[in-house]
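Close look at the chain arrangement
One-letter residues, chain by chain:
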Amino acid sequence: MDYNEHWEHQHKAEHTDSALNVTEGVEAQPVVNPNFHRKRRPTLTVDQYVEGILAGNITVLSQAITLVESNRPEHYEQAQQIIERCLPHSGNSIRVGITGVPGAGKSTFIEAIGGMVTSLGHRLAVLAIDPSSERSGGSILGDKTRMESISSNPDVFIRPSPSAGSLGGVARKTRETVILCEAAGFDTIFIETVGVGQSETAVHSMVDIFMLLQISGAGDELQGIKRGIMEMADMVVITKADGENLTKAKLAKRQIENALHLFPEPDSGWRPQVLTSSAVDGSGLQEVWTGVTDFIAFTRRNGFFRANRNRQSKYWMYESINEALRNSFYRDPHIEAELPRFERKVLESRMSSFIAAKELLNLYFGDLKREA
């Protein structure tokens, strides 16, 4: 036996006799049972979707909203057919937009007033827009977790939706979701925005009354609130008006009332109210809801309610046209192929952004002419 053979034999013996020796185990088993087959959810027809929605079936309603939110062309076509069929059964609700500065307690306020509204015999749909991450595109969608007391209420439907980075957080899809919820029998719709910012314009264009939640005790009560948002508000609610914060809330109320008097009278003819409320002890919630119903009754009498909804319908027609044109442009195969080349030219300062956009549009419209 040569030296190498002797060393291998000795090493093998030492390894076998060692207490550190590990016995070979069985082969790793698959994590998922190979015999398991996921059952595919049965595909519903347009008729089945419409029947389920009109019957108040929450599962079917949720599936229909998922179709509305989908970016797949085949889902879009089916969703539009469902919406068209549901449209005659919609419009019989009070649509309330709710926004507020960060920390104002929008979800807590909605949970508190939502419980009170359903106790009055109403059915409530809460469309809560969750901000999507600009980096990953993901959303937490945590409103069902935050609104525990009403999420299990059979008269409440909560639908958190990702803003998907869209300007303002809400768009046409939320407007279409409102139609489906109304057709399902929900007579009160709350639309909660991501916070004070661009989303308010979009929300204001799809609701009957726009509510701004404000918090006291955070320094200058009007600091950081854009004048445009204050002008859009039909009602301002000072939240967390309880305990030691009650005096500060009353002071904030007077300050905001004074500020609102400087604004011109709104088109509705209604002078915005400033109210205080507390989700903890329930104070002021009844007054807030009475203010909402008073506003709706007032605008119905003077004709603003119907005129406002007509204006909103026209606005969303043009928004739908703009979105369809944008999608058609970016999905054009010729444009998809040429975009990277024009992008490089712009980045290398060989072409201005405006010239690049103009040439791409000329290319797109040229394709349309050739197809015609």
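Residues numbered from 1 in each chain as written. Predicted model: local features only at pLDDT ≥ 70, side-chain atom pairs only at ≥ 80, totals over all residues. Heavy atoms only, no water.

**Description of the pairing of strand β5 (residues 209–215)**
Most of β5 sits inside the fold, with seven of its seven residues counted as buried. Every second residue of β5 is oriented toward a common face, with I209, M211, L213 and I215 on one face and F210, L212 and Q214 on the other, all of them buried. Sheet analysis places strand β1 (residues 94–100) next to β5, joined by five bridges and oriented parallel. By the bridge assignment, G97 is partnered in β5 with F210. Pairing of β5 with strand β6 (residues 235–239) involves five bridges; the strand directions are parallel. Each residue of the ladder has a partner; that of L213, found in β6, is V237. (Buried < 20%, exposed > 50% of the residue type's maximum accessible area, 1.4 Å probe, protein only. Helix = DSSP H or I, 4+ residues; strand = E, 2+ residues; numbered from the N terminus. Pairing = 2+ DSSP bridges.)

**Overview of the packing of helix α5 (residues 106–119) against helix α12 (residues 285–302)**
Viewed as axis vectors pointing N to C, α5 and α12 meet at an angle of 75 degrees, and their least axial separation amounts to 10 Å. In terms of axis orientation, α5 runs roughly perpendicular to α12. Judged by residue contacts, F109, A112, I113, M116 and V117 of α5 engage L285, Q286, V288 and W289 from α12. Of the residues that constitute the contact of α5 with α12, the class distribution is eight nonpolar, one polar and no charged. (Axes fitted to C-alpha atoms, helices over the stretch in contact; angles between N-to-C directions. Parallel < 35°, antiparallel > 145°, perpendicular 65-115°, else oblique. Contact = heavy atoms within 4.5 Å. Nonpolar A, V, L, I, M, F, W, Y, C, P; charged D, E, K, R; others polar.)

**What to know about the side chain of Q78**
Within the secondary structure, Q78 sits in helix α4 (residues 73–86). A residue is classified by how much of its surface remains accessible, and Q78, at 17% relative accessible area, is buried. When near neighbours in sequence (up to four residues on either side) are disregarded, Q78 contacts L44, T45, V46, Y49 and L67.

**Quick word on helix α11 (residues 246–260)**
For α11, with 15 residues, the first-to-last C-alpha span of 21 Å sits near the 21 Å given by 1.5 Å per residue. Those residues of α11 that fall on the buried side of the exposure criterion are A249, A252, I256, A259 and L260. Each buried residue of α11 lies within a common arc of 90 degrees when the element is viewed along its axis, so the set occupies one face. The exposed residues of α11 that point more than 90 degrees off its buried face are T247 and N258. (Expected span 1.5 Å × (residues − 1). Arc of directions from axis to C-beta.)

**Some details on the confidence of the model for the protein chain**
Looking at the protein chain, pLDDT values average 82 and 76% of them are 70 or higher. Contacts of residues 132–142 to residues separated by more than four positions or lying in other chains number 19 contacts, the stretch itself having pLDDT below 50. (pLDDT = per-residue confidence, 0-100.)

**Thoughts on the pattern of salt bridges**
Enumeration according to the criterion identifies eight salt bridges in this entry. Salt-bridge contacts for R85 lead to D47; the nearest nitrogen and oxygen are separated by 2.9 Å. Taken together, the positions of R85 in helix α4 and D47 in helix α2 (residues 46–54) put the pair 38 residues apart, joining distant regions of the chain. Look at R85 and you get partly exposed, because its relative accessible area is 39%. Residue class for D47 comes out partly exposed when judged on its relative accessible area of 40%. A salt bridge links R123 to D155; its shortest N-O distance comes to 4.0 Å. On the criterion of sequence distance, the pair formed by R123 in the loop between α5 and β2 (124–130) and D155 in the loop between α7 (148–151) and β3 (156–162) is long-range, its members being 32 residues apart. (Salt bridge = Lys/Arg side-chain N within 4 Å of Asp/Glu carboxyl O.)

**Examining the packing of aromatic side chains**
Inspection of the entire model under this criterion finds seven aromatic pairs. Ring geometry for Y315 versus W316: centroids 5.1 Å apart, planes at 90 degrees, classification edge-to-face. On the basis of relative accessible area, Y315 is assigned to the partly exposed category, the value being 32%. Here a set of aromatic residues connected by ring pairs shows up, and it is made of F329, Y330, Y364 and F365. The residue whose ring lies beneath R300 is F305, and the NZ or CZ to ring-centre distance is 4.1 Å. Lying across the ring of F342, K345 places its NZ or CZ 5.6 Å from the centre. (Phe/Tyr/Trp six-rings, centres within 6.5 Å; stacked < 30°, edge-to-face > 60°. Lys NZ or Arg CZ within 6 Å of the ring centre and 35° of its normal.)

**Quick word on the nonpolar core**
Soluble globular proteins: nonpolar side chains tend toward being buried together. Residues I53, I82, L180 and C181 are the most contacted members of the largest nonpolar core, which totals 46 residues. When residues in this core are grouped by element, the largest group, six residues, is from helix α3 (residues 58–69). If near-sequence neighbours (up to four positions away) are discounted, L180 is found in contact with I53, L61, A64, I65, V68, I82, I83 and C86. (Core = buried A, V, L, I, M, F, W, Y, C linked by side-chain atoms within 4.5 Å.)

**Examining empty space enclosed by the protein**
Enumeration according to the criterion identifies one cavity of 30 Å³ or more in this entry. The space that makes up the largest cavity amounts to roughly 40 Å³. If you trace the largest cavity, you find it lined by E69, L127, I129, R159, S161, T174 and T177. Per-class residue counts for the lining of the largest cavity are two nonpolar, three polar and two charged. (1 Å grid on protein atoms, 1.4 Å probe; cavity = no way out; pocket = protein on both sides within 12 Å on 5 of 7 lines; lining within 4 Å. Points joined across faces, edges and corners; volume = space filled by probe spheres on them.)

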